[in-house]
Amino acid sequence: MKTLPDLYNQEQLAFCQSLPKVELHAHLNGSVRASTLRELAAEKQIDPELCKLIEKGDRTLAECFGIFTLIHQVTTSISAIQRITREVLEDCAADNIIFAELRTTPKSRPEHGLTKQTYVEAVLAGIDAFSEQNSGMEVGLLLSIDRRESAEEAMHTVTLAQQYHSRGVSGLDLSGNPTLGSWTTWRPALDAARASGLHISLHAGEVYRPAETSQMLEWRPDRLGHMCCLDEQLRSSLLASHIPLELCLSSNVITESVAGYPDHHFRQLYHAGHPVVLCTDDSSVFSTTLSREYALAMAAFLLDRREMLMLAKKSIDYSFAESHIKQRLHTAFDRAAAKIQHSSAS
Ligand SMILES: [Zn+2]
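So, here is what we can say about the structure in this document. Everything numeric in this text was worked out from a predicted model, so none of it was measured. (Residues numbered from 1 in each chain as written. Predicted model: local features only at pLDDT ≥ 70, side-chain atom pairs only at ≥ 80, totals over all residues. Heavy atoms only, no water.)

Considering the overall build of the chain
At step 1: Scanning the chain from N- to C-terminus turns up 15 helices and eight strands.
At step 2: Taking 2.2 N^0.38 as the reference for a compact globule, 346 residues should give roughly 20 Å; the C-alpha atoms of the chain span a radius of gyration of 19 Å, in line with that estimate.
At step 3: By principal-axis analysis of the C-alpha atoms, the chain measures approximately 60 × 45 × 40 Å.
At step 4: Within the chain, the fraction of its 346 residues that count as buried is 54%.
At step 5: Of all intrachain contacts in the chain linking residues separated by at least 6 positions in sequence, the fraction that spans at least 24 positions is 72%.
At step 6: For the chain, the accessible area works out to roughly 14500 Å², and carbon and sulfur atoms hold 51% of it. (Helix = DSSP H or I, 4+ residues; strand = E, 2+ residues; numbered from the N terminus. Rg over C-alpha atoms; globule rule 2.2 N^0.38 Å. Buried < 20%, exposed > 50% of the residue type's maximum accessible area, 1.4 Å probe, protein only. Contact = heavy atoms within 4.5 Å. Areas by Shrake-Rupley, 256 points an atom, 1.4 Å probe, with all protein chains shown as cover.)

Next comes the structure, spelled out in C-alpha cells:
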C-alpha cells in the first residue's frame, strides 16, 4: 500500500491535533470505531476472514472494500446506527474538531425493519445523544444519494432531507461507485433539493469521466469532493469555478486515485488559491484522523504553522452551517488560535 505513515513528524502531528478543525467530508459508516465494529460483528454470524480485517492497521484497497462489506452487515439496527453516530461524533470532538458535517446514505433494509425514514431518525437521535453530553462541537448532516439509486429513490432521499431540514439536515451528497450510473438520473432530484434551499456536494472526478465531470461543474454544486482524474480543460474549469473542494489525502492514495502524497493535486490547487478543505472521507477504513490528514499535508506540501491555521480557519466558510453558527465557529477558532500562537511564541 502506498502510504507513508512517517511522512510527518510527531511535532507536526501534535500541532495539527491542537488546531481547531472542521470536518466536511466524513461518511458515517466509514468512520465507525474499530472496537464497536468488533463488538457488533461478535453479535452476528460474520465471516471470520472479514472480522480479521478489523485488526489490520494498514489495509490494501481490497481489504478496505472488505471492511465496507463488514460495516454494511453489522449496522442494520436502529440502536447500532444511533450508537455509531454518537461515537463518531465523540471521536471527532476528541480530535479537536469544532464542526463535523457527517454524511450518510439513508438505507431501506426491510429484512431488518429499517426504512429510509427510520434510518435518518436513528442518525438524528445519535446526534441528539451526543449533543446532550457535549457542548463544544457543532454538528451538521448531509443525506447521500448512492449512484446505484434510481431517480425515484434519489427523490425520496431529497424529500427526507427537506422534511428533516429543521432538525439539522443541511443538504445532499452524491456518492457511491463512480463507475456506475449517470448524472442525468439524479439531477432532477438535486435540482429540487437546491430549489428548496438545501446545499449540495458532489463526489466528482474519482475516475476519468470527462463528460460527466464537466456537466457536474456546469451545474455548480456548493462543493465538490475529490476531483482526482481531470484533464487540462477540466482543471481549468475547476479553477475558474472557485467551487470549494473537499480533499481526502489518505483515501485518494490508498484507493490509488493519485500516485502518492507529494503528487496529490492539493499542491497545485492550494498554490493556485483554489478553496480547498482537508477531510478524512472514511477515517476508520483508511486508519486516519483529521489531525493526521493535516499533518500529512503539512509535511507533503511543506506548509508552515501559519498556513495550516489559515487552511483550518477558511474551512469554516465552506461548511453548510448557517451564518450565525459560522460566526460562532470563527469566534471559537480565533480564541483557540490565539492560544496556540501564544504558546508557540513563549
Ligand atoms: Zn467520500
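After presenting the structure, the write-up continues.
What about the coordination of the zinc ion?
At step 1: Taken together, the protein ligands of the zinc ion are His25 (NE2), His27 (NE2), His203 (NE2) and Asp281 (OD), with distances of 2.1 to 2.2 Å.
At step 2: Coordination at the zinc ion is irregular: its four donor atoms span angles of 83 to 166° at the metal.
At step 3: For the zinc ion, the donor residues sit on a single chain with the sequence spacing H-x1-H-x175-H-x77-D. Taken as a pair, His25 and His27 share a single burial class, namely buried. (Donors = N, O, S within 2.8 Å, 3.2 Å for Na, K, Ca; no water. Tetrahedral: all angles 85-135°; square planar, octahedral: opposite > 155°, others 65-115°.)

Quick notes on helix α9 (residues 210–219)
At step 1: For α9, every residue scored as buried is listed here: Glu212, Thr213, Met216, Leu217 and Trp219. Projected down its long axis, α9 shows its buried positions confined to an angular sector of 160°, all on one face. In this structure, α9 carries Ala211 and Glu218 as exposed residues pointing more than 90 degrees from its buried face.
At step 2: Buried residues along α9 sit in contact with β4 (169–175), α8 (183–195), β5 (199–204), β6 (223–226) and α10 (232–241).
At step 3: Within two residues after α9, Arg220 carries a phi angle of roughly 55°, on the positive side. (Arc of directions from axis to C-beta.)

Comments concerning the packing of α9 against α10
At step 1: The interhelical angle for the contact between α9 and α10, taken along N-to-C directions, is 10°, at an axis separation of 11 Å. As far as their axial angle goes, α10 and α9 are roughly parallel. Here α9 runs over α10; the crossing is left-handed. When α9 is examined against α10, the residues Pro210, Thr213, Ser214 and Leu217 are found in contact with a partner set consisting of Leu234, Ser237, Leu238 and Ser241.
At step 2: Of the residues in the contact of α9 with α10, the class split is four nonpolar, four polar and no charged. (Axes fitted to C-alpha atoms, helices over the stretch in contact; angles between N-to-C directions. Parallel < 35°, antiparallel > 145°, perpendicular 65-115°, else oblique. Left-handed = near helix turned anticlockwise from the far one by under 90°. Nonpolar A, V, L, I, M, F, W, Y, C, P; charged D, E, K, R; others polar.)

A few points about the layout of surface pockets
At step 1: The computed volume of the largest pocket comes to approximately 1300 Å³.
At step 2: Around the largest pocket, the lining comprises 41 residues; the ones closest to its centre are Phe68, Asp146, Arg148, Gly176 and Asn177.
At step 3: Looking at the lining of the largest pocket, the elements with two or more residues in it are α4 (61–74), β2 (97–104) and α11 (249–254).
At step 4: For the lining of the largest pocket, a count of residues per class yields eleven nonpolar, 20 polar and ten charged.
At step 5: Of the volumes computed, that of the second largest pocket is approximately 460 Å³.
At step 6: Considering the residues around the second largest pocket, the lining is formed by 23 residues, among which Val139, Gly140, Arg167, Gly168 and Ile325 are closest to the centre.
At step 7: Where the lining of the second largest pocket is concerned, the elements lending two or more residues are α6 (116–133), β3 (138–146) and β4.
At step 8: Residues belonging to the lining of the second largest pocket are distributed by class as follows: ten nonpolar, nine polar and four charged. (1 Å grid on protein atoms, 1.4 Å probe; cavity = no way out; pocket = protein on both sides within 12 Å on 5 of 7 lines; lining within 4 Å. Points joined across faces, edges and corners; volume = space filled by probe spheres on them.)

Here we look at the sheet that holds strand β7 (residues 245–247)
At step 1: A sheet is described by the order of its strands in space; here eight strands give the open sequence β1-β2-β3-β4-β5-β6-β7-β8, paired in parallel fashion. The open sheet is flanked by β1 (21–27) and β8 (276–278), the only strands paired with a single partner. Averaged over all adjacent pairs, the angle separating strand axes in this sheet is 25°, with direction ignored.
At step 2: Judged from the five bridges that link them, β1 and β2 form a sheet pairing that is parallel. If you follow Val22 over to β2, its bridge partner there is Phe99.
At step 3: Along the sheet, helix α5 (residues 78–94) makes contact with β2 and β3, crossing β2 at roughly 150°. (Pairing = 2+ DSSP bridges.)

Digging into the packing of aromatic side chains
At step 1: Enumeration according to the criterion identifies three aromatic pairs in this entry.
At step 2: Ring centres 5.4 Å apart and planes at 75° place the aromatic pair Trp183 and Trp219 in the edge-to-face group. Within this pair, whereas Trp183 is found in helix α8, its partner Trp219 is found in helix α9, the two being separated by 36 residues in sequence. Of the two residues, Trp183 and Trp219, both sit in the buried class.
At step 3: With 5.3 Å between their ring centres and 10° between their planes, Phe266 and Tyr270 make a pair best called stacked. In this pair, Phe266 and Tyr270 are both assigned in helix α12 (residues 266–271), four residues apart and thus about one turn of the helix distant.
At step 4: Three or more aromatic residues joined by ring pairs form one cluster here, namely Phe266, Tyr270 and Phe301. (Phe/Tyr/Trp six-rings, centres within 6.5 Å; stacked < 30°, edge-to-face > 60°.)

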